[in-house]
Amino acid sequence: MDLTICVLGLLALIVDGIRCQGVYAPPTVRIIHSGHACNVEEERHTERVYTIREGETLELTCLVTGHPRPQIRWTKTAGSVSDRFQDSSVFNETLHIAKIQRTQGGRYYCKAENGLGSPAIKSIRVDVYYLDDPVVTVHQSIGEAKEQFYYERTVFLRCVANSNPPVRYSWHRGREVLTQGSDKGVEIYEPFFTQQGETKILKLKNLRPQDYANYSCIASVRNVCGIPDRSVIFRLTNKTASPSIKLLVEDPIVVNPGQTVSLVCITTGGEPPPILTWVSSNDSLPQRSVVKGGTLTLPAITSDEAGVYSCVASNNVGNPAKKSTTIVVRALKKGRFWITPDPYHNDDHIQIGREVKISCQVEATPPEELTFSWLKNGRALRSSERMVITQTDPDISPGTTNLDIIDLKFTDFGTYTCVAALKGGGIPEISIDVNISSTTVPPLFFSFLVPPNLTVPRGKSPLVAREGDTVELECLVSGKPKPIILWSRADKEAPMPDGSMQMESYDGVLRIVNVSREMTGSYRCQTSQYNGFNVKPREAIVELIVQYPPTVEPVFMEMRQGLGRPVVMTCRVLRAHPSRVLRFEWLLSNRLLHAGAFDAQRDETEYTIRSLNRDGWGEYTCNVINEAGAGKCTFQVTGKAYPPEFYYDTYNPLWQNRPRVYGFKLQWTQMNPNAVDRIVAYRLGIRQMGLQRWWEQEIPVDGTINKGELMTHNLTELIKPESYEVRLTPITRFGEGDSAIRIVTYSAPINPHLREFHCSFEEEPICMFTQDKNDDFDWTRHSAATRDTKYTPNTGPSGDHSGSKQGFYMYIETSRPRKEGDQARLISPFFNVAPKNPYGITNPPAYCFGFFYHMYGKHIGTLNAFLKQKGQTASEGLVWSLSGNQGDRWKQAKVSIHPTSSFQVVLQGIRGPGIEGDIAIDDITLEEGECRDPPPNLSAKALSTSCHIWLLCVTLVLTLLEGQR
């Protein structure tokens, strides 16, 4: 006997040791659906296909287990188009898409991860069903086309409708159904796939009088998801013809900006009457445009609205007709000039007696209307032997005119003006002045224009600045006239401080505000290309060096430690300029702890606390300093405990002892319990949602908490059906640690102490029944009102137990891919057996377990019921079983059970040899006491659980007695 006790004690210690390993577990995932599904089918690899009608609401919920609480993310790929919820993932347990569109179909993935093991991923394919109105197009065979369209000719009618699933078509002529072979003059092409999907073509060979009729095309998806058939009617007559149109406007149309333009398009033929639409080469019509019939009006037109406008006529007969016109909006812009020294002498200087060319260029629309004129001192200038006015070839240099001054004289000094205009008028002229004056350059040099020159002032390169300063890069510029300076990066292809690749400067100074370290480098200053001289640009280089304080890591780190333990803090330098670091200093709050020169051989400095005491808690700062400033590492040394981790996988945590209140089993583990001093208590705060007042109490903790150890506290007197916010805070010698918050929500609980339990599966939670994770497939919640039209006939109920079409029940679907012997197991929540005296259960109580079943079909397999007791390692006890076809009606089963501890009931459906083997259950009850008048059932095997229990007890006693011999 002593040996037996020792063995039992050792087993208890082993079990307790396993428990102390904790409840940390990697995540698991299961996807459930709600919303407006048409059907949910099993697919290979236990994935599912969720079918939904376009415009309905998609709702998928990702049920996860695992501790700590896994983070959930929904993503999507491989749809009709690839998208990710508008380029963002959904971090929520429930994915909700209202009014789902066809482009949102595809495979949705739920990913859960909590840092333990690999992330758990499940997917479900969402198939969006839809059917658009069909469109009939009519064509005549090309070789037979004549002016008399469709007169004694072969005609093809094609019907196309966008759909999912693939559409089926049928043709009618009047009330007559047309099928292949029903009429020798009619030929129907079998469906073939095009870019628009399936289609059916009706061929009318050598039209006969009876072929002139109304033709109906009916598109159908067989009422899947309740989508009705759609149809279209086309009337074929001897006047049926493709469209023709005419534009009552010129091409092109040249207008001034601000004018109102009207484009008129009329139909000149076509039966049925064509529909006119307008399109633009700019992708879409202007926002202010007005379309009325065949007239397109563009009020107050702008240059941006210029382009090609097309009128398109379509009546689904033959090809659409299209006519286009171009709108040109007059404009003048970007006038500029340049001066070319004597082109026959390679000289940058312009001198008396040499030739000078003044060029003027303007961008014009339309270019053929551009005209130029020249003025000298305000008076018209005509071309002569010494003043030659020419206009260059538009193909070489469009919109350019030249004034050549041959043999420059002092009498040629003055103001020359280039005037550009458009022949059509209505657009302001552009004029450009060039001033040639005797005061430009002293007469001694006989020149009046000086080419530019660039230099960098002494001491301005390299220029050293500190990050955040305002700096000015300077280039001295000379020349007559003084050119504009262009600044750009010389050392790399990078934008300037304003984001552009070049910046302009009129005084040669580039001003940079709040300079940053990325701006270090070489800058090029360069004369503008159009600076009045047609000469090679001048340039110079300015070097900029930006100094910045050291960049260090970590910028901030929290270090949690218990009293009496060592703490080591390390501050590391990543980069700095100048790289020569001068010194470092460690401070606690504002008190200097340690300072010194930084070791040039190392890129870090350390500070160590050998034994942490209460005065050692606080904020430590390490400043690493160079000429430009200081980089700062901050360490928050604290004894605060980490937050607790709520355990969300508590089985059946909610109970109800009285009608108006409920209780909740709150469970949690402690994150990193050994990182700080021992946790002596938890402060529990609770408040009803919507109220401000918190109720608080302390939960004492005896002994040391192990990592992963599950702690429990029962919340009682919660008012039904209110939700509560629960806050839990650990307490150590340091004080309060970090808090964790969760919401406790009331849901209809399975009360373990009520005298009667009833479940009719009318609500989605199915009374907290769960699907066994180790079976082959799942039970399905269903109602006859939502049953798919493709269900297997001759099996399954036509309503729930009460006969209602809207009522729900659970059933096993035995169609493909299920095979014979596959099983589905539905497990109830735990029911507690309350002892009638404080010393335990002497006589096991009796309960009556009942349910209704429907087993109709020639391939019906087996329905079993098991009793599963908590704490018993023996296999489940079979309490009821039935096999074979029982007829097309609901029947009741009842069996008495005698559990000795908390228990569950398991309903197991086993698939038979074929698809006509659906088994359904409904209205499950559990009542205290023996079953009264159980229904007779010759095929059932009602087994007594108590016999199994007593046999097990006798075997155990005999084994122990044998061991003592």
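The structure presented is a predicted model; accordingly, all values stated were derived computationally and were not measured.

Observations regarding the overall build of the protein
Item 1. The helix and strand inventory of the protein stands at two helices and 69 strands.
Item 2. Relative to its 965 residues, the protein shows a buried fraction of 44%.
Item 3. By sequence separation, contacts in the protein at least 24 residues apart represent 69% of the contacts at least 6 residues apart.

What about the nonpolar core?
Item 1. Core analysis: the biggest nonpolar cluster contains 35 residues, and F849, F851, L863, W880, I897 and I921 have the highest contact counts within it.
Item 2. Considering each element in turn, this core owes the most residues, five residues, to strand 64 (residues 847-855).
Item 3. Apart from the residues lying within four places of it in its own chain, the contact partners of L863 are W779, F851, Y853, M855, W880, S881, L882, Q908, G909, I919 and I921.
Item 4. Within the second largest apolar cluster, 29 residues are counted, among which are V155, A161, L178 and V224.

Examining the state of the cysteines
Item 1. Here the structure, examined in full by the defined rule, presents seven disulfides.
Item 2. Paired by a disulfide, C475 and C525 hold their sulfur atoms 2.0 Å apart. Between C475 and C525, the S-S torsion sits near -75°, and that sign places the bridge as left-handed. One end of the pair, C475, is in the loop between strand 37 (471-474) and strand 38 (476-480); the other, C525, is in strand 42 (residues 521-527), with 50 residues separating them in the sequence. Across the pair, exposure class does not vary: C475 and C525 are buried alike.
Item 3. Here C848 pairs with C931 through a disulfide, and the sulfurs are 2.0 Å apart. Around the S-S axis, the bridge from C848 to C931 shows a dihedral of about 105° and counts as right-handed. Of this pair, C848 sits in strand 64 while C931 sits in the loop between strand 69 (919-928) and helix 2 (945-964); the two residues are 83 residues apart in sequence, bridging distant segments of the chain. Accessibility assignment for this pair places C848 and C931 in one class, buried.

A word on the environment of G631
Item 1. As for its position among the elements, G631 is in strand 50 (residues 629-638).
Item 2. For G631, a relative accessible area of 4% translates into the label buried.
Item 3. C-alpha of G631 to C-alpha of E553: the two residues are 78 residues apart in sequence and 9.0 Å apart in space.
Item 4. Dropping the residues within four chain positions of it, G631 is found in contact with P549, P550, V552, C622, N623 and V624.

Digging into the sheet that holds strand 32 (residues 400-405)
Adjacent strands of a sheet form backbone hydrogen bonds with each other and so pair up, either parallel or antiparallel.
Item 1. Spatially, the four strands line up as an open sheet ordered 26-28-32-31, and their pairing is antiparallel. Across the chains shown, the open sheet's two edge strands, defined by having one partner strand only, are strand 26 (331-340) and strand 31 (387-391). Between one strand axis and the next, the sheet turns by 15° as a mean value, whatever way the strands run.
Item 2. In this sheet, strand 32 lies alongside strand 28 (residues 356-365) in antiparallel orientation, the contact comprising six bridges. Opposite V356, over in strand 32, you have I405 as the bridge partner.

A word on the pattern of salt bridges
Item 1. The final tally for this structure, using the stated rule, is 31 salt bridges.
Item 2. With its nearest N and O atoms 3.1 Å apart, the salt bridge here joins D407 to K409.
Item 3. We classify D407 as partly exposed; its relative accessible area is 32%.
Item 4. The salt bridge partner of E876 is R825, with a shortest N-O separation of 2.7 Å. Of this pair, E876 sits in the loop between strand 65 (862-869) and strand 66 (877-883) while R825 sits in strand 63 (residues 823-827), placing them 51 residues apart in sequence.
Item 5. The class for E876 is partly exposed, based on a relative accessible area of 25%.
Item 6. Connected through shared salt-bridge partners, R173, E176, D183, R208 and D211 make up one network.

Re the confidence of the model for the protein
Item 1. Taken residue by residue, the protein gives an average pLDDT of 82. The fraction at 70 or more is 82%.
Item 2. Confidence scores differ between elements of the protein, with helix 1 (residues 2-20) showing the lowest mean pLDDT of 41 and strand 57 (residues 724-731) the highest of 97.
Item 3. When the criterion is pLDDT under 50, residues 143-151 qualifies, and its contacts beyond four places in sequence or with other chains add up to 21 contacts.

Focus: the sheet that holds strand 21 (residues 275-280)
Item 1. Across the sheet, which stays open at both edges, the four strands sit in the order 19-25-24-21 with mixed pairing between neighbours. The sheet terminates laterally at strand 19 (253-255) and strand 21, the two strands that pair on one side only. Strand-to-strand twist of the sheet, defined as the mean angle between neighbouring strand axes without regard to direction, takes the value 25°.
Item 2. With three bridges joining them, strand 19 and strand 25 (residues 321-329) adopt parallel strand pairing. By the bridge assignment for strand 25, V255 is matched with V329.

Some details on the environment of T795
Item 1. Counting through the fold element by element, T795 comes out in the loop between strand 61 (780-783) and strand 62 (808-812).
Item 2. Judged by relative accessible area, which is 4%, T795 ranks as buried.
Item 3. Residues T795 and G887, 92 residues apart in the sequence, show an inter-C-alpha distance of 9.5 Å.
Item 4. If we ignore the near neighbours within four places in the chain, the residues touching T795 are Y856, G857, I915, E916, G917 and D918.
Item 5. Within the local environment of T795, its side chain forms a polar contact with the backbone oxygen of Y856, the two atoms lying 2.8 Å apart.
Item 6. A polar side-chain atom of T795 sits 2.9 Å from the main-chain amide nitrogen of D918.

Describing unusual backbone geometry
Item 1. Each neighbour pair has its own omega, and for T365 with P366 the value is -5°, a cis peptide bond.
Item 2. Positionally, P366 belongs in the loop between strand 28 and strand 29 (370-376).
Item 3. Looking along the chain, the bond that leaves K720 and enters P721 is cis, with omega of 0°.
Item 4. Turning to its location among the elements, P721 is positioned in the loop between strand 56 (711-719) and strand 57.
Item 5. For K99, which is not a glycine, the phi torsion comes out positive at approximately 50°.

A look at the pairing of strand 29
Item 1. Here strand 29 shows a clear split, with L370, F372, W374 and K376 buried on one side and none of T371, S373 and L375 buried on the other.
Item 2. Where strand 29 lies against strand 33 (residues 414-422), seven bridges are found, and the strand directions are antiparallel. Pairing of S373 across the sheet is with V419, part of strand 33.
Item 3. Looking at chain direction, strand 29 and strand 30 (residues 379-381) are connected through three bridges and run antiparallel.

What counts and how
- Residues numbered from 1 in each chain as written.
- Predicted model: local features only at pLDDT ≥ 70, side-chain atom pairs only at ≥ 80, totals over all residues.
- Heavy atoms only, no water.
- Helix = DSSP H or I, 4+ residues; strand = E, 2+ residues; numbered from the N terminus.
- Buried < 20%, exposed > 50% of the residue type's maximum accessible area, 1.4 Å probe, protein only.
- Contact = heavy atoms within 4.5 Å.
- Core = buried A, V, L, I, M, F, W, Y, C linked by side-chain atoms within 4.5 Å.
- Disulfide = S-S within 2.5 Å.
- Pairing = 2+ DSSP bridges.
- Axes fitted to C-alpha atoms, helices over the stretch in contact; angles between N-to-C directions.
- Salt bridge = Lys/Arg side-chain N within 4 Å of Asp/Glu carboxyl O.
- pLDDT = per-residue confidence, 0-100.
- Polar contact = N/O pair within 3.5 Å; in protein donor to acceptor, adjacent residues only side chain to side chain.

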